[in-house]
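Residues per chain, in single letters:
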Amino acid sequence: MILLSFRGRSDDTFWFTVFHEIGHLILHGAKTFVDSEMGNNDVDESEREANEFASDLIVPPARKEEFRELPAEKYDVTRFSVSIGVSPGLTVGQMQHRAMIKPDQLNYLKRRWQWDELAEVMD
């Protein structure tokens, strides 16, 4: 079973977390994992593997080099995202995580949910 919160309420955070937790199930079996707010220096091997699994689902390994060269421009990010089958927000989240762009850059490409929108699906 995977239990998720809407921490951050953005598409990049939500889908990365879904893929990360699926990675734990596939890679590490029926162990119990509780992810916390650990800094990157504190990530153990199973967390690193789940992070890599999630990242590879968002940006396929065959496209990593192209991704690394991706200009921080709305249309370039959108075209690349469509070509790999993800929303631009996920691409932006990966670019921010890898320090390719600043944490506040291109955030308008992310889909953000309001609590009243989420209440409709959580009832």
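The secondary structure content of the protein chain amounts to six helices and zero strands. Listing every helix and strand of the protein chain by position from the N terminus yields α-α-α-α-α-α. Per-residue burial over the protein chain gives 33% buried out of 123 residues. Sequence separation of at least 24 residues holds for 51% of the intrachain contacts in the protein chain that already meet a minimum separation of 6. Of the roughly 8,100 Å² of accessible surface on the protein chain, a fraction of 54% belongs to carbon and sulfur atoms.

A word on the packing of helix H1 (residues 11-28) against helix H2 (residues 45-58). Packing of H1 against H2 leaves a shortest axis separation of 8 Å and a crossing angle of 120 degrees. In terms of their interaxial angle, H1 and H2 are classed as oblique. As for the relative orientation of H1 and H2, their crossing is right-handed in sense. Contacts between H1 and H2 involve Phe16, Phe19, His20, Ile22, Gly23, His24, Ile26, Leu27 and His28 on the former and, on the latter, Ser46, Glu47, Glu49, Ala50, Asn51, Phe53, Ala54, Ser55, Leu57 and Ile58. Tallied by class, the residues present in the contact of H1 with H2 amount to ten nonpolar, seven polar and two charged.

So, about unusual backbone geometry. The backbone phi angle of alanine 99 is positive, close to 60 degrees, even though this residue is not glycine. Checked against the element boundaries, alanine 99 lands in the loop between helix H5 (88-97) and helix H6 (115-122).

Conventions used here
- Residues numbered from 1 in each chain as written.
- Predicted model: local features only at pLDDT ≥ 70, side-chain atom pairs only at ≥ 80, totals over all residues.
- Heavy atoms only, no water.
- Helix = DSSP H or I, 4+ residues; strand = E, 2+ residues; numbered from the N terminus.
- Buried < 20%, exposed > 50% of the residue type's maximum accessible area, 1.4 Å probe, protein only.
- Contact = heavy atoms within 4.5 Å.
- Areas by Shrake-Rupley, 256 points an atom, 1.4 Å probe, with all protein chains shown as cover.
- Axes fitted to C-alpha atoms, helices over the stretch in contact; angles between N-to-C directions.
- Parallel < 35°, antiparallel > 145°, perpendicular 65-115°, else oblique.
- Left-handed = near helix turned anticlockwise from the far one by under 90°.
- Nonpolar A, V, L, I, M, F, W, Y, C, P; charged D, E, K, R; others polar.

Geometric values such as these leave the question of function open.
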